[in-house]
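Coordinate inspection notes
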Amino acid sequence: MGLLDILLGRTKPVVPDLDRLFALPSAAVTLEAATSFTPTGRGAVCFATVEGAAFEQTHREVQALLDADTERDGPPVELSRDEYGYSWLVSQRGPDQLPLLVNDLHAVNSSMEVNGFGPQLLCSLAGFEDPEGRPLALVYLYKRGTFYPFAPQPGAGQRRDNALELRVRAALAGDLRVEEDLNRWFPVWGAPGL
């Protein structure tokens, strides 16, 4: 960063560190102890919708890579689009297989990054729920290299449980790099994998 950048208040963008995803299994232990939320085995990678042969080839490569896992039941990764026009690659594992789910999310992100789709990557999430079935997601912001909790309230409407999100942030501060700017805690309404 040069002097002109400092004077004009410009900063260098954070370099994504996909290896931070591997902190999720240990954070899940802390999360369960602090809040009773446990992994659901569902997770997803969100990206700006991409059309064309290059993306289709990348999707086939990811599918082939994850199909190579002989212990997986069912389809490894499903491609879907949400109501806002974003694409999601969704992975499903058993609730006790969070490390394998994290490997899937890392592999999807890495494959997209290596094939030139890094600028389209937005976030990844891992789903959790409490004994009453309330959902919670730990969301990794690709371009920030940070995590934040997203806790939609059950029932109709798009409302968040902000108190729970702040409790989760406090509980996981030692395990994950939590996004400090609450304005970047974007809601992921209707996210597949949640």
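Placed above this text is the structure.
Attention in this report is confined to the structure presented alongside it.

Basis of the calculations
Residues numbered from 1 in each chain as written. Predicted model: local features only at pLDDT ≥ 70, side-chain atom pairs only at ≥ 80, totals over all residues. Heavy atoms only, no water. Disulfide = S-S within 2.5 Å. Buried < 20%, exposed > 50% of the residue type's maximum accessible area, 1.4 Å probe, protein only. Phe/Tyr/Trp six-rings, centres within 6.5 Å; stacked < 30°, edge-to-face > 60°. Helix = DSSP H or I, 4+ residues; strand = E, 2+ residues; numbered from the N terminus. Pairing = 2+ DSSP bridges. Salt bridge = Lys/Arg side-chain N within 4 Å of Asp/Glu carboxyl O. Expected span 1.5 Å × (residues − 1). Arc of directions from axis to C-beta. Axes fitted to C-alpha atoms, helices over the stretch in contact; angles between N-to-C directions. Parallel < 35°, antiparallel > 145°, perpendicular 65-115°, else oblique. Left-handed = near helix turned anticlockwise from the far one by under 90°. Contact = heavy atoms within 4.5 Å. Nonpolar A, V, L, I, M, F, W, Y, C, P; charged D, E, K, R; others polar.

1. Observations regarding the state of the cysteines
Summed over the entire model, instances satisfying the criterion amount to 0 disulfides. No disulfide involves Cys-46; its nearest neighbouring cysteine sulfur is the one of Cys-123, lying 4.6 Å away. Look at Cys-46 and you get buried, because its relative accessible area is 4%. Using a relative accessible area of 7% as the deciding quantity, one classes Cys-123 as buried.

2. Looking at the packing of aromatic side chains
Any aromatic ring pair is given by two values, namely how distant the centres are and how the planes are angled relative to each other. By the definition in use, this model includes 3 aromatic pairs. Between the aromatic rings of Tyr-140 and Phe-147, the centroid separation amounts to 5.0 Å while the plane-to-plane angle is 55°, which identifies the pairing as tilted. Of the two residues, Tyr-140 and Phe-147, both sit in the buried class. Both rings, one in Tyr-148 and one in Trp-185, keep their centres 6.1 Å apart while their planes meet at 20°; by these two values the pair is stacked. With Tyr-148 in strand β6 (residues 146-150) and Trp-185 in the segment after α5 (162-172), the pair connects residues that are 37 residues apart, well separated along the chain. There is no split in this pair, since Tyr-148 and Trp-185 are both buried.

3. Thoughts on the pairing of strand β1 (residues 38-48)
The buried count for β1 comes to 8 of 11 residues, which makes it a mostly enclosed element. In terms of strand pairing, β1 meets strand β4 (residues 121-129) through 7 bridges, oriented antiparallel. Counterpart to Thr-38 in the pairing with β4 is Glu-129. Across 7 bridges, β1 lies against strand β3 (residues 86-92) in antiparallel orientation. In the strand pairing of β3, Ala-44 is matched with Val-90.

4. Details of the pattern of salt bridges
Scanning the model with the defined rule gives 7 salt bridges in all. Ionic pairing is found between Glu-179 and Arg-144, a salt bridge with its closest N-O pair at 2.9 Å. Note that Glu-179 is positioned in the segment after α5 and Arg-144 in the loop between β5 (135-141) and β6, a separation of 35 residues in sequence. Owing to a relative accessible area of 3%, Glu-179 belongs among the buried residues under this scheme. Arg-184 is paired through a salt bridge with Asp-181; the nearest N and O atoms lie 3.7 Å apart. Asp-181 sits in the partly exposed class, given a relative accessible area of 30%.

5. A look at helix α3 (residues 53-67)
Between its terminal C-alpha atoms α3 stretches 21 Å, which fits the 21 Å expected from 15 residues at 1.5 Å a residue. When α3 is considered as a whole, its buried residues turn out to be Phe-55, Thr-58, His-59, Val-62, Gln-63 and Leu-66. On an axial view of α3, the arc spanned by its buried residues comes to 140°, and they lie on one face. Seen from the open side of α3, the exposed residues pointing more than 90 degrees away from its buried face are Ala-53 and Ala-54.

6. Brief notes about the packing of α3 against helix α4 (residues 98-117)
Closest axis-to-axis distance for the α3/α4 pair is 10 Å, and the angle between their directions is 150°. The pairing of α3 with α4 is recorded here as roughly antiparallel in orientation. Crossing geometry of α3 relative to α4 is assigned as right-handed. Residues Ala-54, Phe-55, Thr-58, Glu-61, Val-62, Leu-65 and Leu-66 of α3 pack against Asp-104, Ala-107, Val-108, Ser-111, Met-112, Asn-115 and Phe-117 of α4. Its residues assigned to classes, the contact of α3 with α4 comprises 9 nonpolar, 3 polar and 2 charged.

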